[in-house]
Amino acid sequence: GVAADDDGSGTSALIALGKEISKRKWNRTIILAAFGGEEIGLYGSMAYVKSISTENFKYAITMDMVGRPKMDLDTALPTVFLTGDDDKVPEVTGLFEEAAKNAKINLVLGKDIKPRPWWVWSSDHWSFHNVGIKALMVTDGNASDNKDKMYIHTPEDSKDKINFEYTEKVVNMVLEVLIQLDKK
């Protein structure tokens, strides 16, 4: 169906991550949340951050568009991007770098993308950043099939283009980061 990558893949990844999280005993509280209204103004995440006490949040990690790996970079591995406050939380980006190696994914940090693409802050992680919570977005960075043609928000954003093995690697990478953060 339409919206398979934007927003279906992130929601599916969140559900898969929740399944794995439920199998462990955690020292810290992990909140999994899916938000509506992202495409029309971040309504769900903005309402959420207004309803919580931000002092209890250490980080917000979101997954938006994690179904179509970018393969046109100078690597044989599928690429995932970590954007947002990646330049402000080296302790977390380091964990992501290690987890990406273990998951056999090429990780590109938002701070290293030149020029910075339009999508670096265009998702729910912005709402958390905007209230002072360090926020990161994990994304395939693949909003278009080429620089002239967007595929998101069109019928071309279909299930047949989703790489489920890649999405599973992304989920495993995020899970590994959460496990390491829980030990700190």
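Check the entry above for the structure.
In what follows, the accompanying structure is described. (Residues numbered from 1 in each chain as written. Predicted model: local features only at pLDDT ≥ 70, side-chain atom pairs only at ≥ 80, totals over all residues. Heavy atoms only, no water.)

## Observations regarding the overall build of the chain
Okay, step 1: Counting secondary structure elements, the chain contains 5 helices and 6 strands.
Okay, step 2: For the chain, the succession of helices and strands along the chain, N to C, is α-α-β-β-α-β-α-β-β-β-α.
Okay, step 3: Expected size for 184 residues packed as a compact globule is a radius of gyration near 16 Å; at 15 Å, the chain falls within 12% of this value.
Okay, step 4: Taking the principal axes of its C-alpha atoms as reference, the chain extends roughly 45 × 35 × 35 Å.
Okay, step 5: Burial status across the chain gives 46% buried among its 184 residues.
Okay, step 6: In the chain, 81% of the contacts between residues at least 6 apart in sequence involve partners at least 24 apart.
Okay, step 7: Within the chain, the 28 negative side-chain charges are centred at a point lying 5 Å from the centre of the 23 positive side-chain charges. (Helix = DSSP H or I, 4+ residues; strand = E, 2+ residues; numbered from the N terminus. Rg over C-alpha atoms; globule rule 2.2 N^0.38 Å. Buried < 20%, exposed > 50% of the residue type's maximum accessible area, 1.4 Å probe, protein only. Contact = heavy atoms within 4.5 Å. Lys, Arg positive; Asp, Glu negative; His and termini not counted. Charge placed at Lys NZ, Arg CZ, Asp CG, Glu CD.)

## Description of helix H3 (residues 90–103)
Okay, step 1: With 14 residues, H3 extends 19 Å between its outermost C-alpha atoms, agreeing within 8% with the 20 Å of an ideal straight helix rising 1.5 Å per residue.
Okay, step 2: Every buried residue of H3 is listed here: Val92, Thr93, Leu95, Phe96, Ala99, Ala100 and Ala103. The buried residues of H3 occupy one face: seen down the axis, they fall within an arc of 155°. Projecting away from the buried face of H3 at angles above 90 degrees are the exposed residues Pro90 and Lys101.
Okay, step 3: Buried positions along H3 lie against strand E1 (59–63), strand E2 (79–84), strand E3 (106–109), strand E4 (134–139) and helix H5 (164–183).
Okay, step 4: Just beyond H3, the residue with positive phi is Lys104, at close to 60°. (Expected span 1.5 Å × (residues − 1). Arc of directions from axis to C-beta.)

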